[in-house]
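Reading the structure
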Amino acid sequence: KQWYQRRVRGLQNGCILCELMNNAEKKFAHSNKDIYKYIGFTPKQDLGDQLFYVRLNVETFVRWCKNFGCETSLLCEVGDLVERKDLERTLSCIHAVARRVAELRLPYPKAVRLEVKYHMSYNQIIELFNEDNEELTPYQIGIKESFAELCEILGLGKIDITQPLEANREVWMQSLKGMWVGERQRSVSP
């Protein structure tokens, strides 16, 4: 459970994303026999309660994703992760990076292996969750199970594959509850 909480905090504060970004840059530079240029970010020990630096880390990652050649329609906004507005969109963004890494023939993570293994795009895999399981083949149900396993590994909690992804949003929010980094934004009363 401690590993899980550290991963979620690292994801939410942008540190893991920035480490992912630098690892991809390093592998890309190495494969092209180019010089690796480290992209700076604020490490977790320097974050404290400074939401500004948390937002800056996530913004650095999203900007890098665009420059790295990720499909812009799949990228998230800073608030999607930092303010927990759209965790699905955040997962989509991470997946876009993994897909781009695979396109560049660099070692790629399990998320993209799902696409390669099943010959389906991320969006096609997501669409399976809008289908009734009784209408799906065992092969398609296996795809949903693999995706659910990936989400659990990422710390998004257990996903009920018999429900649409939207129905799982509450589970994801509960998984992240109490793991806020920085100061929570307060709503302003009129």
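Below or above, wherever it landed, is the structure these notes cover. (Residues numbered from 1 in each chain as written. Predicted model: local features only at pLDDT ≥ 70, side-chain atom pairs only at ≥ 80, totals over all residues. Heavy atoms only, no water.)

**Overview of the packing of aromatic side chains**
- Within the structure shown, the criterion is met by five aromatic pairs.
- A centroid spacing of 4.5 Å and a plane angle of 20° characterise the contact between Trp64 and Phe68, whose relative ring orientation is stacked. With Trp64 and Phe68 both in helix α3 (residues 51–68) and four residues apart, the pair spans about one turn of that helix. Just as Trp64 is buried, Phe68 falls in that class too.
- Ring-pair connections join several aromatic residues into one group, and the members of that group are Phe28, Phe61, Trp64 and Phe68.
- Of note, Lys144 hangs over the ring of Phe129, and the distance from its end group to the ring centre comes to 5.2 Å. (Phe/Tyr/Trp six-rings, centres within 6.5 Å; stacked < 30°, edge-to-face > 60°. Helix = DSSP H or I, 4+ residues; strand = E, 2+ residues; numbered from the N terminus. Buried < 20%, exposed > 50% of the residue type's maximum accessible area, 1.4 Å probe, protein only. Lys NZ or Arg CZ within 6 Å of the ring centre and 35° of its normal.)

**Digging into the state of the cysteines**
- For the coordinates displayed, the defined rule picks out zero disulfides.
- The thiol sulfur of Cys65 is not disulfide-bonded, and the nearest other cysteine sulfur, from Cys93, lies at 4.0 Å.
- For Cys65, a relative accessible area of 0% gives the class buried. (Disulfide = S-S within 2.5 Å.)

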